[in-house]
Amino acid sequence: MTKLLEMKNLNVRFKGKRTVHAINDVSLSMEQGETLALLGESGSGKSVTLKTLLGLLPPKRSEIDGSIHVNGTDIMSLRGKALQRYRGGEVSMVFQEPALALDPVYTVGHQIAESVMRHKGVNKAEAMSTALDMLDRVRIPSANRRLHNYPHELSGGMRQRVMIALALACRPRLLLADEPTTALDATVQIQILLLLRELQKEFGMGVIFVTHDIGVAVEISERIAVMYAGQVVEEGTTHEIIRDARHPYTQGLLAANLHDVARGERLNAIPGAPPALEVRPDSCPFAPRCPVAMPECAAGLPPLHLPSDRRRVACLRAAQPLAAE
Amino acid sequence: MSVTDTYQPLPDTGGPAQPLIRVSGLQKYFPVRGGILGRTQAKVQAVDGVSFEVKKGETLGIVGESGCGKSTTAKLLIGLVEKDKGEIVFDGHALGERLSLKDLRRGVQMVFQDSYATLNPRLTILDSVAFGAKVQGLDNPEDLARKMMDRVGLDPDRFAHRYPHELSGGQRQRVNIARALAMSPRLVVLDEAVSALDKSVEAQVLNLLNDLREEFGLTYVFISHDLNVVRYISDRILVMYLGEVVEVAPVESIWHEQAHPYTRSLFSAMPSMDPDNRTKEPPLAGDPPNPINPPSGCRFHTRCRFASAVCREAVPKLSGLARNGDHMVACHLHDAESGHPKAGQGVPE
Amino acid sequence: MAMAEATSIHAPEKVEKSKGYWSGVGHRLVRDPLTMFCLAVIAALILSAVFAPYLGLADPYKGSMIARLKPIGAPGYPLGTDEQGRDMLARLIYGGRLTLFIGLMPVVIAFFAGSILGITAGYVGGLTNTIIMRTVDVFFAFPSVLLAIAISGALGAGIVNSLVSLTIVFIPPITRVAEAVTSGVRKLDYIDAARASGASAWTVIRVHVIGNVLSPIFVYATSLTSVCMILAAGLSFLGIGVRPPEPEWGLMLNTLRSVIYVNPWLSALPGVMIFVTSLCLNLLSDGLRSAMNVRD
């Protein structure tokens, strides 16, 4: 079976007043129906990776190289009609702010139907019944009535459900989710996470879920790739990342979650801030903040340590068990 | 001279037994205006009958979802929003009686969530930090500002003459903390002060806040939606729902047992952090109701699994649990005389 | 984890050299050739008008019946003469004095008056805002040209009356812009933070509001100067502004109108002056707008 996603040595550089090396040599691969969380902080390149996958980066200002295949299709070569068919058909996206991503002047039913008509070439009536079916599937109560609501008439959680219905209406093979629960309240966030988990099983699609919240990543994903300074520093199953984090940055993130820190105890904070990426990192980008850095860390990019199948850690120390903690 | 010596807080009155701040029956309704004449068409019941006190040196955490009134409460505490009803008493002096708004702001300061929007883009960091101290007529405001910048981890020689947009989010939030502390307050209201920061930076700022509390003998009101952070920093936690206090208790007590069904749902909504034991079912369905027309009786009854007729009619009173009077909850389940079929039994599993 | 170890190789954070706001604006302006060119043209016009008596020009009031309507480039008259035989170059340069004065002064006065009204309305809000803004709205019911003509007509011709009427015309739009930007800034957290410091309303306005609203108002006012010049010229053209024999571009355009078939280039000259000045002012305000943008 073809891989759902095969991304090899992706590099993205933004030009302009200041050059930013947003993505530096990122490779990712996903099997069909897998759920991968891209975990990282602001500026780590997680959102840029998603945008690259949808071909949404401004062509004049960005330099992209590397190869990306989704279901065997080379998406870097897609142009015009083919690109439009790919976006929303093969791959679709759920955004952080549904209030901004939905069009305020059309009813939600109209927006879903519109997308179905465009991609599936069915007539209006059929598209509307698909829309209704989708609203049911995202567990919107009295979907029939909601079909004729405008986005502003819905609550935040409801709008995010509509956004998901819209993204899934054309049965994509890969769903990209860019922090879709960050703007939501805690009790609503967990509803949306569980809904996505159920829909993923139901539709059998792959999901790439971008988040900065390690707890959210645990709830949603089977695999986690931790990004830092435009690189994947550690990848593995959720279990491996949570139970056996090898990269000092991942360990720092886990500690910063405060999940099991005693009250008032001094936190092992990662000092400093991420690099600005004006130049391409030629050594471990985390070394300046790393509690266990060695002189060798500044000498060159760390080799990938591969403890098991589909597990990797970009750290010199990863081979040896860490003395920390 | 160290920065501790230049800290000039208001003198203590009433001794340690007197709460630093006490609010009772606090109410704020925001009018929703519409039409050509801008008449009030509805009222958002942002804060309704909120009472609590914060002891000297204590950190009170306030949690709740959007629309629960936690930010409005913060702004009421420092007089940025004018209260409709209720009383604010700072160290024994009631606002509006023996305490003017300006004096209140001498004793209470605030750190906001958005570190960029809180800083005037046209002022240098030093000017921003020194502004409040100047306004309050403290001695040597610029000198004080430099010392405070140094104390929060910003080298004044490097940062004093920079502008907010040249700093990172974490650095800007340090500026905001310095700005608040330069006025030598006794109470600092932190409204989602670390929420917008990256997790790794958040930990640095939390460490800093803990250090500053000790060094200057500060009292905090810490508002956040992140329960882990609130637990880490607070002594007591206050839970709000639709403008009302539903539960307030010492951290250990509430972490051990959430007495209000809403608090319990809020705690269960936290991601599990355990890949082998992920959340199976969302604790609540739907979104919080609109605070414009909050439900009658107990405001949580529309989403509560244990709601009965009495919950729709009578407003539950906030009162101490039988076995632990410090743990206060507003729920008919805990009130033996409420008339709830399961009254007095506590929240069923 | 051992933190001491970490600090030893802790990379220094990026240190950027920072400049003052206005030096940054100046720096960006200097690098914009078009704006600099326009600035030079306006400066040249203003300087030549101010120093006209020292430029060795002919008397702009002295006519000569035999030297009427000399074409451009005639010996002794580089830009020809008008219908009364007065030197056009001298009249155009002297004309700049009145035209620029009447074109700029109303905007300058309206800039101050409108800013005070608008900032007050925007910051205080409530009833004060309603009273100021609804009063201002009344003026928006009339097109600015008609309003200027009506007020000037009522007050009678003359330089002072033109100034008054044009000032009244420009106060409402500036007030409205000032109110809009102020109420935008008023909502920002740093205003709340400043109020929470215990600062009085006046201190908050002085330190935190004015600096952040003045540049958009200023840019807008700059863009109005060209409109004002054209209106002023229009009033003179209609005979309710400056009275002859004063040299003024609008008035000159009016009097030369009759000779448009005899010497079209000559009669176009005052128009060219108005056009060039207002174009330069417009481009200058565009340049200022982008130079004053702090965030990049």
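Residues numbered from 1 in each chain as written. Chains lettered and ligands numbered in written order. Predicted model: local features only at pLDDT ≥ 70, side-chain atom pairs only at ≥ 80, totals over all residues.

Looking at an unreviewed UniProt entry, one finds chain B named Glutathione import ATP-binding protein GsiA, with Primorskyibacter sedentarius as its source organism. As recorded by UniProt, the Subcellular location (unreviewed entry) comment attached to chain B reads in full: "Cell inner membrane". Listed in UniProt under the heading Catalytic activity (unreviewed entry), the comment for chain B reads: "glutathione(out) + ATP + H2O = glutathione(in) + ADP + phosphate + H(+)". (UniProt positions renumbered as here; feature names shortened; annotations may be inferred.)

Looking up chain A in an unreviewed UniProt entry gives the name Peptide/nickel transport system ATP-binding protein, with the organism given as Primorskyibacter sedentarius. Reading the Subcellular location (unreviewed entry) entry of the UniProt record for chain A gives the comment "Cell inner membrane".

Focus: the overall build of chain B
On a plain count of helices and strands, chain B comes out with 12 helices and 12 strands. Since a compact globule built from 349 residues should have a radius of gyration of about 20 Å, the 21 Å found for chain B is in line with a globular shape. Viewed in the frame of its principal axes, chain B has a C-alpha envelope of about 65 × 55 × 50 Å. Each of the 349 residues in chain B was classed as buried or not, and the buried ones make up 52%. In chain B, 65% of the contacts between residues at least 6 apart in sequence involve partners at least 24 apart. (Helix = DSSP H or I, 4+ residues; strand = E, 2+ residues; numbered from the N terminus. Rg over C-alpha atoms; globule rule 2.2 N^0.38 Å. Buried ≥ 20, exposed ≤ 12 C-beta atoms within 10 Å, placed from the backbone. Contact = placed C-beta atoms within 7 Å.)

Regarding the overall build of chain A
Assigned secondary structure in chain A consists of 11 helices and 12 strands. Relative to its length of 325 residues, chain A is compact, with a C-alpha radius of gyration of 21 Å against a globular reference of 20 Å. With respect to the principal axes defined by its C-alpha atoms, chain A has extents near 65 × 50 × 45 Å. In chain A, which comprises 325 residues, the proportion classed as buried is 49%. Once local pairs closer than 6 in sequence are excluded, the contacts in chain A between residues at least 24 apart make up 64%.

A look at the domain arrangement of chain A
The figure often quoted for interface size is the accessible area lost as the parts come together. Residue and element names in this part refer to chain A. When cut into domains, chain A gives domain 1 (5-90 + 172-319) and domain 2 (98-171). The C-alpha centroid of domain 2 is placed 29 Å from the C-alpha centroid of domain 1. The interface is formed by 14 residues belonging to domain 1 together with 13 residues belonging to domain 2. With seven residues, the top contributor of residues to the side of domain 1 that touches domain 2 is helix H8 (residues 186-203). Residues that form the side of domain 1 that touches domain 2 fall into these classes: 11 nonpolar, three polar and no charged. (Domains from an automatic or database assignment. Nonpolar A, V, L, I, M, F, W, Y, C, P; charged D, E, K, R; others polar.)

Comments concerning the interface of chain B and chain C
Opposite the 27 residues of chain B that make contact, chain C presents 22 residues. Among the secondary structure elements, those contributing two or more residues to the side of chain B that touches chain C are helix H3 (101-107), strand E6 (108-111) and helix H4 (125-135) of chain B. When the residues that make up the side of chain B that touches chain C are grouped by side-chain class, the tally is 11 nonpolar, seven polar and nine charged.

Focus on the pairing of strand E9 (residues 223-228) of chain A
Residues and elements named next belong to chain A. Counting buried positions along E9 gives six out of six residues, so the element sits mostly inside the fold. Neither face of E9 is left uncovered, since the one carrying Arg-223, Ala-225 and Met-227 and the one carrying Ile-224, Val-226 and Tyr-228 both have all their residues buried. Here strand E3 (residues 35-39) runs beside E9; their pairing, made up of four bridges, is parallel. When the bridges of E9 are listed, Ala-37 appears paired with Ile-224. Bridge analysis of E9 against strand E10 (residues 231-237) gives six bridges, and the strand direction is antiparallel. Among the inter-strand pairings, Arg-223 is bridged to a residue of E10, identified as Thr-237. The turn linking E9 back onto E10 is made up of two residues, and Ala-229 within it adopts a positive phi angle of 50 degrees. (Pairing = 2+ DSSP bridges.)

Structural notes on the interface of chain B and chain A
Taken together, the contact between chain B and chain A spans 36 residues of the former and 37 residues of the latter. Mapped by element, the contributors of at least two residues to the side of chain B that touches chain A are helix H8 (199-216), helix H9 (227-233) and helix H11 (261-268) of chain B. Of all the elements, H8(B) adds the most residues to the side of chain B that touches chain A, at nine residues. Residues belonging to the side of chain B that touches chain A are distributed by class as follows: 17 nonpolar, 12 polar and seven charged.

Quick word on the domain arrangement of chain B
Residue and element names in this part refer to chain B. Split by domain assignment, chain B resolves into domain 1 (16-234) and domain 2 (239-272 + 281-334). Taken over C-alpha atoms, the centre of domain 1 sits 26 Å from the centre of domain 2. At the junction of the two partners, domain 1 supplies 21 residues and domain 2 supplies 17 residues. Considering each element in turn, the side of domain 1 that touches domain 2 owes the most residues, nine residues, to strand E2 (residues 39-54). Residues of the side of domain 1 that touches domain 2, tallied by class, amount to 11 nonpolar, six polar and four charged.

Some words on helix H6 (residues 144-155) of chain C
Residue and element names in this part refer to chain C. Its 12 residues give H6 an end-to-end C-alpha distance of 16 Å, which sits within 8% of 16 Å, the value for a rise of 1.5 Å per residue. When H6 is considered as a whole, its buried residues turn out to be Ala-148, Ile-149, Ile-151 and Ser-152. On its buried face, H6 sits against helix H7 (159-186) and helix H9 (201-238). One or two residues past the end of H6 sits Gly-156, with phi positive at roughly 95 degrees. (Expected span 1.5 Å × (residues − 1).)

A short note on the environment of Asp5(B)
Residue and element names in this part refer to chain B. Looking at where Asp-5 falls in the secondary structure, it is placed in helix H1 (residues 3-6). Since 8 C-beta atoms lie within 10 Å of it, Asp-5 is described here as exposed. A C-alpha to C-alpha distance of 9.7 Å links Asp-5 and Phe-216, two positions 211 residues apart in sequence.

With respect to the sheet that holds strand E8 (residues 206-211) of chain A
Pairing is mixed in the open sheet, where eight strands are placed in the order E6-E7-E8-E3-E9-E10-E12-E11 (chain A). Looking at the sheet topology across the chains shown, the edges are occupied by strand E6 (91-94) and strand E11 (304-305) of chain A.

Re the sheet that holds strand E12 (residues 328-329) of chain B
Two modes of strand pairing occur in sheets, parallel and antiparallel, and in both the strands are linked by backbone hydrogen bonds. Residue and element names in this part refer to chain B. The strand order across the open sheet built from eight strands is E6-E7-E8-E3-E9-E10-E12-E11, with neighbouring strands paired in mixed fashion. Whereas interior strands pair on both sides, the edge strands pair on one side only; in this sheet they are E6 and strand E11 (319-320). Bridge count for strand E10 (residues 244-250) against E12 is two bridges, and the pairing is antiparallel. Considered in E12, the bridge of Glu-247 is made with Val-329. In this fold helix H2 (residues 70-77) packs onto strand E3 (59-63), E6, strand E7 (187-191), strand E8 (219-223) and strand E9 (236-241), with an angle of close to 150 degrees to the strand it touches most, E8. (Axes fitted to C-alpha atoms, helices over the stretch in contact; angles between N-to-C directions.)

Quick notes on unusual backbone geometry
Residue and element names in this part refer to chain A. A positive phi angle, close to 45 degrees, is found at Glu-179, a residue other than glycine. With respect to the helices and strands, Glu-179 occurs in the loop between strand E7 (174-178) and H8. Under the C-beta neighbour-count criterion, Glu-179 is labelled partly exposed, with 19 such atoms within 10 Å.

Points about the pairing of E3(A)
Most of E3(A) is tucked away, with five of its five residues classed as buried. Side-chain alternation along E3(A) places Thr35(A), Ala37(A) and Leu39(A) on one buried face and Leu36(A) and Leu38(A) on a second face that is also buried.

Some thoughts on the environment of Gly137(B)
Residue and element names in this part refer to chain B. With respect to the secondary-structure elements, Gly-137 resides in the loop between H4 and helix H5 (141-151). Residue Gly-137 is classed as exposed on the basis of its C-beta count, with 9 C-beta atoms lying within 10 Å. Separated by 46 residues in the primary sequence, Gly-137 and Met-183 have C-alpha atoms spaced 9.3 Å apart.

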